[in-house]
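Residue-level listing of the chains:
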Amino acid sequence: MTVTVKKYDVKENNYNDLELNEAVFGQTPNVHVMHLAVVRQMANARTGTACTLTRSEVRGGGKKPWKQKGTGRARAGSIRSPLWKGGGVIFGPKPRSFEKEMPKKVRKLALRSALSSEVEKILILSHDMVSSHKTSDFVKLLKNLDLDKVKKVLIVIGDNNNVRLSARNLPNVKVVYPENLGVYDLVNSNKVLISEESIAVLEGRAINA
Amino acid sequence: MRLEDLKPAKGATKKAKRKGRGFATGMGKTSSRGNNGQGQRSGGGVRAGFEGGQMPLFRRLPKKKYFFVVNQINYGTVNVSELNKYEANSVVNFEVLRNDRKIDNHAQALKILGNGELNIALTVEAHAFSASAIQKIEAAGGKVINLMQEEDSKSDSN
């Protein structure tokens, strides 16, 4: 089985076939591992900076509010007790890391799986797909590709300011570097445009060294 | 495929026990903690090996040193990828690799491992081989001589 995808030539305005590496784009996807990768990706994206003050960290509260016995009131040792208004928080969030680990080979398997399972979404473009940094130019390109109504378009491309600047204000387009492409973006998009130069980077990332 | 189609493989996840959610669950009243005492408290229970204050087994028995493997063999390991520099059809053995500093001075025996590629035919003498090393050496047209097996067969015949 060979893996063939469409390649769009911007200048000629026509489609050609391009064969892709079967070891990367033609594998049976491992859905379990893809799930792990997405869970990891989303967990690692958390900053984990939520923080509350416990009773010992809230300012004040050092003095016993009233004596232990004889007042007729409930016993109280601190005005910052969690039961009091303005008191500390019981078991509140504290800064912590949500990072999950994943063996390198499994990460590569996840990327291979995602590229293979989403291969129908892939369209290859040349690096110079837009000629200027104007958003109108990019919209024109999407219209040519019949993608202007597609909800989530993902673009995988290396350093290219024209694409980055012209696409960044479009709500339905996301641009990522091939080095940063993850399972989440691949699965969560309706169309994936990959620049020809990025393919080599993706292959390098997806195959066990 | 969509994000919601991603899920763990069957059997990979376990449902959490919902303790204290009614008598009929069997984990109701005491939440599977039994009646009263240290083990019922959060974080309760004694440390591993603690026998209630009685001198525990691991302290009752004397400490013993020197539980080592008798007649342990310290293998020096070399991958087949490192053998490409030798002359084709030559013999590669412990002494050759020792002289080339592929194995360190502590090694008493040689094991060939299968990482990387081997492009030339070699006669490799060693005390142990990994399965992939044997396969790669023989695929390259070489020969594998297992010194351990030869010693064994010698002692058998005696």
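Every value quoted in this text rests on a predicted model; they were computed, and no experiment measured them.

Calculation rules
- Residues numbered from 1 in each chain as written.
- Chains lettered and ligands numbered in written order.
- Predicted model: local features only at pLDDT ≥ 70, side-chain atom pairs only at ≥ 80, totals over all residues.
- Heavy atoms only, no water.
- Contact = heavy atoms within 4.5 Å.
- Buried area = accessible area lost by both parts, 1.4 Å probe.
- Salt bridge = Lys/Arg side-chain N within 4 Å of Asp/Glu carboxyl O.
- Polar contact = N/O pair within 3.5 Å; in protein donor to acceptor, adjacent residues only side chain to side chain.
- Helix = DSSP H or I, 4+ residues; strand = E, 2+ residues; numbered from the N terminus.
- Buried < 20%, exposed > 50% of the residue type's maximum accessible area, 1.4 Å probe, protein only.
- Arc of directions from axis to C-beta.
- Core = buried A, V, L, I, M, F, W, Y, C linked by side-chain atoms within 4.5 Å.

(A) Expanded view of the interface of chain A and chain B. On the chain B side, the residues contacting the 11 residues of chain A number nine residues. Summing the contributions of chain A and of chain B, the shared interface buries around 840 Å²; its carbon and sulfur component is 77%. Three residues, His32, His35 and Val187 of chain A, lead the burial of chain A against chain B; their summed loss comes to 52% of the area buried on that side. The tally of links between chain A and chain B comes to zero salt bridges. The interface formed by chain A and chain B includes one residue pair in polar contact (both at pLDDT 80 or more). Elements represented by at least two residues in the side of chain A that touches chain B include exactly α2 (31-44) and α6 (183-187) of chain A.

(B) How the structure looks around helix α4 (residues 135-144) of chain A. Residues and elements named next belong to chain A. Of the residues making up α4, those classed as buried are Asp137, Phe138, Leu141 and Leu142. In an axial view of α4, the angular spread of the buried residues amounts to 140°, which keeps them on one side of the axis. Opposite the packed face of α4, turned more than 90 degrees from it, sit the exposed residues Lys140 and Lys143. Residues of α4 that are buried in the fold lie against β1 (3-9), β4 (153-156), α5 (161-167) and β5 (173-176). Phi turns positive, to about 65°, at Asp146, one or two residues after α4.

(C) Local environment of the nonpolar core. Phe25, Leu115, Ile122, Leu181, Val183 and Ile194 of chain A are the most contacted members of the largest nonpolar core, which totals 31 residues. Those residues in contact with Phe25 of chain A that sit more than four places away from it in its chain are Val3, Leu20, Leu115, Ser116, Val119, Ile122, Ile199 and Glu203 of chain A.

(D) How the structure looks around the pattern of salt bridges. As enumerated under the stated definition, the model contains nine salt bridges over all chains in all. Between Glu57 of chain A and Lys94 of chain A there is a salt bridge whose closest N-O contact spans 2.7 Å. You can see Glu57 of chain A sitting in the loop between α2 and α3 (104-117) and its partner Lys94 of chain A sitting in the loop between α2 and α3, a full 37 residues away along the chain. The class of Glu57 of chain A is partly exposed, set by a relative accessible area of 40%. Of the residues examined, Lys94 of chain A reaches a relative accessible area of 32% and is grouped as partly exposed. Here Glu51 of chain B ties to Arg60 of chain B by a salt bridge, and the two come within 3.0 Å at their closest N and O atoms. Given a relative accessible area of 45%, Arg60 of chain B falls into the partly exposed group.

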